[in-house]
Amino acid sequence: MKDQHSKDANIRRHLDHTPTFDASVYIDPRALVIGNVTLGSDTSVWPFAVIRGDMHRIIIGQRSSIQDGSVLHITHAGPFNAEGFPLTIGDDVTVGHNVCLHGCTIGNRVLIGIGSTVLDGVIVEDEVVIGAGTLVPPGKRLESGFLYMGSPCKQVRPLKEQEREFFCYSAGNYVTLKNNYLTEA
């Protein structure tokens with residue numbers, strides 16, 4: 001991967017770090033990506049999303065979609081947290097509108113519902129659905145194969161087969177959509 005868009009005002013270097021991604025990535029001109037951020041191939045970042053890797057790294061896997069208005073940030077390493085918390089998102093993840101992800105680890109094939117908040121040190125295993133408006137408190141682990149909802153979140157039920165199939169459908173749908181946007185650019 002290389003820095004394709006450092007001349008663009010919405011793709012910003014911070015200190016020694018410039019976001020890296022390849023030509024298959026779509027970043028809307030009204031989204032903002034700063035610093036130590038790596039975006040996997042076929043990923044999309046939609047209007048008014050902010051991905052700020054200014055004090056730690058953010059890594060987003062392939063075919064993941066960061067929806068409108070979402071905020072992605074980290075926790076820096078310091079006297080109160082020696083290692084800090086980077087933000088890592090796996091492959092085929094759909095991050096709904098107005099989601100806040102902060103210093104957490106998101107596995108593969110995860111759907112994070114509109115308006116959810118996932119905080120420092122959280123680990124979300126593969127194949128999890130986080131319902132709209134859910135708050136996942138710091139340090140919690142969400143087990144693979146379940147729906148979580150509430151504030152604070154609770155495990156609600158096992159996922160149905162149709163819900164498991166939706167992960168890759170959703171990721172593929174956003175790859176098609178971002179390809180349409182790239183073609184228009």
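Residues numbered from 1 in each chain as written. Predicted model: local features only at pLDDT ≥ 70, side-chain atom pairs only at ≥ 80, totals over all residues. Heavy atoms only, no water.

### What to know about the overall build of the protein chain
The following threshold applies: Starting at the N terminus, helices and strands are each numbered in turn, a helix being any DSSP run of H or I of at least four residues and a strand any DSSP run of E of at least two. Every radius of gyration here is taken over C-alpha atoms, with the globule rule written as 2.2 Å times N^0.38, N being the number of residues. For every residue, the accessible area (1.4 Å probe, protein chains only) is compared with the maximum for its type, and the residue is labelled buried under 20%, exposed over 50%, or partly exposed between those bounds. For this analysis, residues touch if any pair of their heavy atoms sits within 4.5 Å. Residue burial considers only the protein chains on display, and all accessible areas are found by Shrake-Rupley using a 1.4 Å probe. Charge assignment: positive for Lys and Arg, negative for Asp and Glu; neither His nor the chain ends contribute. The atoms used to mark charge sites are NZ of Lys, CZ of Arg, CG of Asp and CD of Glu.
On a plain count of helices and strands, the protein chain comes out with 1 helix and 19 strands. Taking 185 residues into account, the globule formula puts the C-alpha radius of gyration at 16 Å, and the protein chain, at 16 Å, falls close to it. When its C-alpha atoms are laid out on the principal axes, the protein chain stretches across 45 × 45 × 25 Å. Each of the 185 residues in the protein chain was classed as buried or not, and the buried ones make up 46%. For the protein chain, contacts bridging at least 24 residues in sequence account for 23% of all contacts bridging at least 6. For the protein chain, the exposed area adds up to about 8800 Å²; of that, 54% sits on carbon and sulfur atoms. The protein chain carries 16 positive and 20 negative side-chain charges, and their two centres are separated by 3 Å.

### Remarks on the sheet that holds strand β4 (residues 44-45)
For clarity, the cut-off: Pairing between two strands is assigned when DSSP locates at least 2 bridges connecting them.
The sheet built from 8 strands is open, its strands ordered β2-β4-β6-β9-β12-β15-β18-β19 with mixed pairing. The outermost strands of the open sheet, each flanked by one partner alone, are β2 (26-27) and β19 (153-158). Bridging between strand β6 (residues 65-66) and strand β9 (residues 94-95) involves 2 bridges; their strand directions are parallel. Residue I66 lies in a different strand from β9, and its bridge partner there is V95.

### Examining the pairing of strand β18 (residues 146-150)
By the bridge criterion, 2 bridges tie strand β15 (residues 128-130) to β18 in an arrangement that is parallel. By the bridge assignment, I130 is partnered in β18 with Y148. One ladder, built from 5 bridges, connects β18 with β19; its direction is antiparallel. The residue bridging G150 from the neighbouring strand is C153, located in β19. Where β18 folds back onto β19 in an antiparallel hairpin, the turn is made up of 2 residues.

The analysis is restricted to geometry; functional conclusions fall outside its scope.
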